Amino acid sequence: GNSVTQMEGPVTLSEEAFLTINCTYTATGYPSLFWYVQYPGEGLQLLLKATKADDKGSNKGFEATYRKETTSFHLEKGSVQVSDSAVYFCALSGSTTSGTYKYIFGTGTRLKVLA
Amino acid sequence: DAGITQSPRHKVTETGTPVTLRCHQTENHRYMYWYRQDPGHGLRLIHYSYGVKDTDKGEVSDGYSVSRSKTEDFLLTLESATSSQTSVYFCAISEGQSMNTEAFFGQGTRLTVV
């Protein structure tokens, strides 16, 4: 079945450092890929998405490129801020054998940014 | 913000008692999902619905049942709660027209089974 693997955290960085959070996936067909962010005490919210190979999703300085050849969707940001401290989830949306859609999430990576 | 309301937001219950969590949406989205979030496991899909009275199991469905009698409501029932079901439960919705559409999440329900 479909699955998502992302790097374990926590990741601790200083403000203005470069961020990479790795995500790889296993899927049949051509899924859509997402990054969600969860701030303390809240639900998940969409950060960015990419729906086909070589697409780049971007938002709030974060970027991720859909790499079909390496089945990866790594999240990057050039200069993190303290306000980026949160848990980041990689996810895919794919079709099932019955033609429905469901989302599969990774285990989440906690990011802590120090001032 | 997408109109998703989970109730209750917090609940403490005893082992062996039935518990029902409610997810209510005002977006008229076709798909609704129940996930549980546990440390080290991320979000795991319990059940989902792709229309009124149309539901399917996720990866951790044992011990849970769901019902969807109206587009706007998706109920998750623990028939006999166990301590292993202590978790944070999230409801999500999506339009479902294609796999490209994003999912919107509720605020979560923290359930403690003692």
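Every value quoted in this text rests on a predicted model; they were computed, and no experiment measured them. (Residues numbered from 1 in each chain as written. Chains lettered and ligands numbered in written order. Predicted model: local features only at pLDDT ≥ 70, side-chain atom pairs only at ≥ 80, totals over all residues. Heavy atoms only, no water.)

### Regarding the overall build of chain B
Point 1. Summing up its helical and strand segments, chain B has zero helices and eleven strands in all.
Point 2. Listing every helix and strand of chain B by position from the N terminus yields β-β-β-β-β-β-β-β-β-β-β.
Point 3. Taking 114 residues into account, the globule formula puts the C-alpha radius of gyration at 13 Å, and chain B, at 13 Å, falls close to it.
Point 4. Along the longest, intermediate and shortest principal axes, the C-alpha atoms of chain B span 40 × 30 × 25 Å.
Point 5. Across the 114 residues in chain B, those meeting the buried criterion constitute 50%.
Point 6. Considering only intrachain contacts with a sequence separation of at least 6, the fraction spanning at least 24 residues in chain B is 54%.
Point 7. A total of about 5300 Å² of accessible surface is found on chain B, and carbon and sulfur atoms cover 45% of it.
Point 8. Both charge centroids of chain B, one from 11 positive and one from 13 negative side chains, sit 4 Å from each other. (Helix = DSSP H or I, 4+ residues; strand = E, 2+ residues; numbered from the N terminus. Rg over C-alpha atoms; globule rule 2.2 N^0.38 Å. Buried < 20%, exposed > 50% of the residue type's maximum accessible area, 1.4 Å probe, protein only. Contact = heavy atoms within 4.5 Å. Areas by Shrake-Rupley, 256 points an atom, 1.4 Å probe, with all protein chains shown as cover. Lys, Arg positive; Asp, Glu negative; His and termini not counted. Charge placed at Lys NZ, Arg CZ, Asp CG, Glu CD.)

### With respect to the sheet that holds strand 3 (residues 19-25) of chain B
Residues and elements named next belong to chain B.
Point 1. Ordered in space as 1-3-8-7, the four strands form an open sheet in which the pairing is antiparallel. Both outer strands of the open sheet, strand 1 (4-7) and strand 7 (64-70), are each paired with one neighbouring strand and no more. Sheet twist, expressed as the average angle between the axes of neighbouring strands with direction ignored, equals 15°.
Point 2. In this sheet, strand 8 (residues 73-78) lies alongside strand 3 in antiparallel orientation, the contact comprising six bridges. Directly across from T20, in strand 8, lies its bridge partner T77. (Pairing = 2+ DSSP bridges. Axes fitted to C-alpha atoms, helices over the stretch in contact; angles between N-to-C directions.)

### Quick look at the state of the cysteines
Residue and element names in this part refer to chain A.
Point 1. A complete count under the given rule lists two disulfides over all chains for this structure.
Point 2. Each sulfur of the disulfide joining C23 and C90 lies 1.9 Å from the other. Torsion about the S-S bond of the C23 and C90 cystine: about -70°, corresponding to left-handed handedness. Of this pair, C23 sits in strand 4 (residues 23-26) while C90 sits in strand 10 (residues 86-95), and the two are 67 residues apart along the sequence. (Disulfide = S-S within 2.5 Å.)

### Observations concerning the sheet that holds strand 7 (residues 56-59) of chain A
Residues and elements named next belong to chain A.
Point 1. Read from one edge to the other, the open sheet built from four strands follows the order 3-9-8-7, with strand pairing classed as antiparallel. Unpaired on one side and paired on the other, strand 3 (19-21) and strand 7 mark the two borders of the sheet. With direction set aside, neighbouring strand axes in the sheet form an average angle of 15°.
Point 2. Summarising the sheet, strand 8 (residues 62-65) and strand 9 (residues 75-77) pair through three bridges and their orientation is antiparallel. Pairing of A64 across the sheet is with L75, part of strand 9.

### Describing the pairing of strand 10 of chain A
Residue and element names in this part refer to chain A.
Point 1. Within strand 10, nine of the ten residues are buried, which leaves it mostly tucked inside the rest of the structure.
Point 2. Two strands pair when backbone bridges link them, and strand 5 (residues 32-38) and strand 10 are joined in this way by seven bridges, in the antiparallel orientation. Counted as the bridge partner of S32 is S93 from strand 10.
Point 3. Of the strand pairs in this sheet, strand 10 and strand 12 (residues 109-114) are connected by three bridges, and their pairing is antiparallel. Within strand 12, the residue paired with V87 across the bridge is R110.
Point 4. Here five bridges tie strand 10 to strand 11 (residues 101-105), and the two strands are oriented antiparallel to one another. Counted as the bridge partner of S95 is Y101 from strand 11.
Point 5. Here strand 10 folds back onto strand 11 in antiparallel fashion, the turn holding five residues, of which G99 has a positive phi close to 90°.

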